[in-house]
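An overview of the molecular structure
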Amino acid sequence: MLISHILVPTDGSDTARKAAAYGLELAALTHATVTLLTVIDRSVFVGRPSVPASETPTEIVEPLEDFLKQAAQSDMDEIETLNEQYQVPLRQIIRYGHPVEQIISEAETCGADMIVMGSHGRSALEAALLGSVTFGVVHKDTTIPILIVRK
Ligand code: ATP
Ligand code: MN
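Procedures and definitions
Each chain has its residues counted from 1, following the order in which its sequence is written. Chain labels run from A onward and ligand labels from 1 onward, assigned in the order the entries are written. Only residues with pLDDT of at least 70 are given local features in this predicted model, and only at 80 or more are side-chain atom pairs given and counted; all residues enter the totals for whole chains, interfaces and linings. In computing side-chain properties, one takes all heavy atoms of the structure into account and sets aside hydrogens as well as water. Only strands joined by at least two bridges in the DSSP assignment are considered to pair. Starting at the N terminus, helices and strands are each numbered in turn, a helix being any DSSP run of H or I of at least four residues and a strand any DSSP run of E of at least two. Working definition: residue near molecule or strand if any one of its non-hydrogen atoms lies within 4 Å of it. Distance and chemistry together define a polar contact, namely a pair of N or O atoms within 3.5 Å, with one atom able to donate a hydrogen and the other to accept it when in protein, and with adjacent residues in sequence counting only for side-chain atoms on both sides. Using a 1.4 Å probe, the Shrake-Rupley method yields the accessible areas, and only the shown protein chains count as cover for residues. Definitions used throughout: a 1 Å grid over protein atoms alone; a cavity as a set of points that fits a 1.4 Å probe which cannot get out; a pocket as an open set with protein on both sides within 12 Å along at least five of seven lines; a lining residue as one with an atom within 4 Å of a point. Cavities and pockets are treated as containing a molecule whenever more than half of the molecule's atoms lie within 2 Å of their grid points. Amino acid classes used here: Ala, Val, Leu, Ile, Met, Phe, Trp, Tyr, Cys and Pro are nonpolar; Asp, Glu, Lys and Arg are charged; the rest, including Gly, are polar.

Right, let's talk about the pairing of strand β5 (residues 146-149) for a bit. Two elements, strand β4 (residues 114-118) and β5, share 4 bridges in a ladder whose sense is parallel. Bridge pairing in β5 links M117 to I148.

What follows is the structure, encoded as structure tokens:
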């Protein structure tokens, strides 16, 4: 079995960081490339039924998006720093939209042959067996194998 490209979706959480470390180590062993992906989910602040996206003022949306983009960037930069010990070829991607859809779409676009992600993320809902993003990716109709790193 050949692993040549690993997709590591990250939301900046401790578990995602743990998954990223695992993904980097696996990539170092298999000489694979890693794509780090953070999805910014606009639906959390625009496009509610009561406040449609078209009515959400741009002076609110733009600084929020900038902030989220900077946060995503610095989370991924932290993983780049971790990569100093592995020296794996690494690329960073930020996408906008629904995390599950965007993770699958990017996995297919970059030709990933494995997805490494955390069982949980940033949510405070500790009780869930599996975070909804990971649950969604596991249940999507794709043939790409997924490795779930426990929290
Ligand atoms: P929930 O979001 O369902 O309340 P949670 O935050 O604990 O629960 P998930 O969001 O499913 O759990 O996170 C699990 C893993 O999914 C994370 O470790 C990370 O690998 C990935 N992930 C979650 N959100 C994103 C995102 N916005 N962009 C990229 N990867 C993500
Ligand atoms: Mn989450």
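Next, the rest of the story.
Close contacts around ligand 1 come from 20 residues, with P9, H120, G121, S132 and V133 the closest. At 2.5 Å, a side-chain N or O of S132 approaches an oxygen atom of ligand 1. In isolation ligand 1 exposes 610 Å². Once the protein is present, 87% of that is buried. Here ligand 1 is seated within the largest pocket. Counting residues per element, the ones that place at least two in the shell around ligand 1 are β2 (33-40), α3 (99-109), β4 and α4 (132-139). Looking at the shell around ligand 1 residue by residue, the classes come out as 8 nonpolar, 10 polar and 2 charged.

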